[in-house]
Amino acid sequence: MNADGKDRTELGPTGAPDGRGGHRIVDWLDRWGADLAAWPDQAAASEARGMIDRDPIAQAHWAEARALDGLLDTAAVPEPSADLADRILARAVATPPPDNVVSLAGTGRRRRLGWPSLALAASLVMGLVVGVGVSPDTFDGWLGGTTVYAADYLGFGSVEVVE
Amino acid sequence: MDRQPSDDVLMGRIAAGDAPAFRLLLDRHLAAVTAFCYRQLGDRSEAEDAAQDTFLKVWQAASGWKPEAKPTTWIYRIAVNQCIDRHRKRRPQTDLDAAADVASADPNPEQAATRADLDRKVRTAMEALPERQRLALVLCHYQGLSQAEAAEILGTGVGAVESLLGRARRELKKLLAADIAQMKEKVA
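Remember, predicted model here, so these are calculated numbers, not experimental data.

### Points about the interface of chain B and chain A
As a measure of interface size, the accessible area lost when the parts come together is often cited. With 56 residues of chain B at the contact, the number on the chain A side is 50 residues. Taking both partners together, chain B and chain A bury about 4800 Å²; carbon and sulfur atoms supply 61% of that area. When the area that chain B buries against chain A is broken down by residue, the three leading residues are Q60, E162 and R169 of chain B, summing to 13%. Between chain B and chain A we count seven salt bridges in total. Among the salt bridges present, the one from D30 of chain A reaches R170 of chain B, with a minimum N-O distance of 3.4 Å. Counting across the interface, chain B meets chain A through 16 residue pairs in polar contact (both at pLDDT 80 or more).

### Let's talk about the confidence of the model for chain B
Close reading of the predicted structure is inappropriate where its pLDDT is low. The predicted model of chain B has a mean per-residue pLDDT of 89, with 89% of residues at 70 or higher. Two numbers describe this predicted complex: its pTM, 0.71, and its ipTM, 0.85.

### Re the layout of surface pockets
The volume enclosed by the largest pocket comes to roughly 200 Å³. Together, 16 residues line the largest pocket, and W32 and A38 of chain A together with C140, Q147 and R169 of chain B are the ones closest to its centre. Mapped by element, the contributors of at least two residues to the lining of the largest pocket are α1 (21-32) of chain A together with α7 (131-142) and α9 (158-175) of chain B. Among the residues making up the lining of the largest pocket, the classes are represented as eight nonpolar, four polar and four charged.

### Section: the environment of V80 of chain B
Residues and elements named next belong to chain B. The residue V80 is located in helix α4 (residues 71-89) in this model. Residues V80 and S45 lie 35 residues apart in sequence; the distance between their C-alpha atoms is 17 Å. If we ignore the near neighbours within four places in the chain, the residues touching V80 are F36, L135, I153 and L154.

### Observations concerning the pattern of salt bridges
All names here are of chain B. Under the definition given, this model contains 21 salt bridges over all chains. R28 is paired through a salt bridge with D7; the nearest N and O atoms lie 2.7 Å apart. One end of the pair, R28, is in helix α2 (residues 19-41); the other, D7, is in helix α1 (residues 7-15), and 21 residues separate them in sequence. The salt bridge involving K121 is made with D179; its shortest N-O contact spans 3.2 Å. Here the residue K121 occupies a position in helix α6 (residues 109-128), and D179 occupies one in helix α10 (residues 177-187), the gap between them amounting to 58 residues.

Procedures and definitions
- Residues numbered from 1 in each chain as written.
- Chains lettered and ligands numbered in written order.
- Predicted model: local features only at pLDDT ≥ 70, side-chain atom pairs only at ≥ 80, totals over all residues.
- Heavy atoms only, no water.
- Contact = heavy atoms within 4.5 Å.
- Buried area = accessible area lost by both parts, 1.4 Å probe.
- Salt bridge = Lys/Arg side-chain N within 4 Å of Asp/Glu carboxyl O.
- Polar contact = N/O pair within 3.5 Å; in protein donor to acceptor, adjacent residues only side chain to side chain.
- pLDDT = per-residue confidence, 0-100.
- 1 Å grid on protein atoms, 1.4 Å probe; cavity = no way out; pocket = protein on both sides within 12 Å on 5 of 7 lines; lining within 4 Å.
- Points joined across faces, edges and corners; volume = space filled by probe spheres on them.
- Helix = DSSP H or I, 4+ residues; strand = E, 2+ residues; numbered from the N terminus.
- Nonpolar A, V, L, I, M, F, W, Y, C, P; charged D, E, K, R; others polar.

This is the structure we're talking about:
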C-alpha cells in the first residue's frame, strides 16, 4: 500500500505488474523522485530496487530520474540580503500585532473585527431600524405614511408594524 | 545544554508581541522562505519582498495561529499566497543577473559560464510549468517537505500532490531532454 492507502499495482500507467516493470517504476519515479530512500512507500522502494537490479529498462528510467534531480539541484538560489531579517524586524516592531486582527484558520486572510464587535454593531443597527419603524411620527415624516413591514425587512416574519 | 524553544512556543510569544521571539523565528526560517519565493518568482528582489510580507503577516496574525497547524506549514501557506499574488500581477521573467551572480562564485570562469547556462535553462523550464505543479515541485524537491506537508500547504490531498509532481517531472523531462542526456553521462 502507498501513502494514499492505494494498492501499489494501481499506480502504474498500464497497471501492469512485473514484466512491464519499466513502465511502473517510471510512474513512481515521477511522483517521488530518484531518491528511493525518501519515498513515502518503502515497500514500493524495495520493489523498485529489485527492478533496477535486474531490469535494464528500469535501470535506464532510474538513471534518467537521477539526472533530472541532479539537474534541478544545479539551479542555485542567491543568498538573501544580510540585512533582510533586520529590516523585517524593524518594520514589524513599528506595527505591533493588533489585538483585533483574527486570522481565518491558515488562509492568511484576516478580518478586522471579532464576532462580538460585529454582533454588537448588528444589534445597534437592528435597534435603530426597529425603533424608527415603531414610531409613526418619525416614519410618517420620513416616508410620507408608506406602509413598512419592518419585521419582514429583518426576516422575522410578516408582522405589520406601521400603517 | 541550551534548549531552544520550539516554533510552537515562539508563535505563542510572537502573538504577545515578543520581538526577540520573532527574531528567532526569522533566523530559523527566513532563508528557506526567501529561497522558496525565489524559486517561484525568479527574481531576488521580489523574492525578498514576498518573504518580508510573509513574515509581517506572521507577526500581525500570530494570535490567529492555531496550535493544531505546524507553524512552518502556516508560514508556507502565507508565502504561497504571496507568490501567487505577485506572479499573477506581472509577466513571467527570469532574473538573469542573479543567475550570473550565483555562478560567479565559481573560481573557474568556463565552469561558471556552463553553470549559469544550466541554471538559466532549469529556471526557464520551471517557469514554464503550471503554477500548482511548480509549487508542488518546489515544496517537495527544493524545500524538502513531505507530500503530506505540501498537500496541507496547497489545501489538497496527498494523491493530488503526487499527481502534480508526476506531471511536473514528466514535463521537465521533455523540456530538459538534451541536458538530462548529458547529466545522465555524468551521474552514470
